[in-house]
Amino acid sequence: MKKKIQVRVADKPKKKLTQNDRVIQYMRDFGSITTREAMLDLGCMRLASRIHELRRDGFPIGDKLESAKNRYGETVSYKRYFLKEEQSGSTV
């Protein structure tokens, strides 16, 4: 006679993280985020929209304008976003 194998299902499935959750966690883990990092690391194509929503929800997010050379040698500007309380060393 074969034994029955019982598969146990967790009581509550893990909540799927939203892009906003991922952006906040990324900034906490790495200190800041740029549009390029959001696209490559999180699959988030509209970081500025996520930042707008997070600010609207009360997250203290700062930004600074940075410049770099692109592959054609041209100077381009982009924003780097960060949690203000994380930059000052205090925690949530």
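Residues numbered from 1 in each chain as written. Predicted model: local features only at pLDDT ≥ 70, side-chain atom pairs only at ≥ 80, totals over all residues. Heavy atoms only, no water.

**Some details on the sheet that holds strand β2 (residues 61–69)**
Consideration 1: One open sheet accounts for three strands, arranged β1-β3-β2; its pairing is antiparallel. Both outer strands of the open sheet, β1 (33–34) and β2, are each paired with one neighbouring strand and no more.
Consideration 2: Helix-sheet contacts for helix α1 (residues 19–30) involve β1, β2 and β3 (75–83), and the interaxial angle to β3 is about 90 degrees. (Pairing = 2+ DSSP bridges. Helix = DSSP H or I, 4+ residues; strand = E, 2+ residues; numbered from the N terminus. Contact = heavy atoms within 4.5 Å. Axes fitted to C-alpha atoms, helices over the stretch in contact; angles between N-to-C directions.)

**A short note on a nonpolar patch on the surface**
Consideration 1: A cluster of nonpolar side chains, contributed by Met39, Leu40 and Met45, occupies part of the molecular surface with about 330 Å² of accessible area.
Consideration 2: With respect to the helices, strands and loops of the structure, Met45 is situated in the loop between α2 (35–42) and α3 (47–56).
Consideration 3: For Met45, a relative accessible area of 58% corresponds to the exposed category. (Patch = residues over 30% accessible without salt bridge, like charges linked within 9 Å, V, L, I, M, F, W, Y side chains within 5 Å. Areas by Shrake-Rupley, 256 points an atom, 1.4 Å probe, with all protein chains shown as cover. Salt bridge = Lys/Arg side-chain N within 4 Å of Asp/Glu carboxyl O. Buried < 20%, exposed > 50% of the residue type's maximum accessible area, 1.4 Å probe, protein only.)

**Looking at the pattern of salt bridges**
Consideration 1: Counted under the stated rule, the structure contains seven salt bridges.
Consideration 2: Its salt-bridge partner being Arg80, residue Glu37 comes within 3.8 Å of it at the nearest N-O pair. Taken together, the residues Glu37 in helix α2 and Arg80 in strand β3 connect sequence positions 43 residues apart.
Consideration 3: According to the relative accessible area criterion, Arg80 is buried, its value standing at 18%.
Consideration 4: Salt-bridge contacts for Arg56 lead to Asp57; the nearest nitrogen and oxygen are separated by 3.7 Å.

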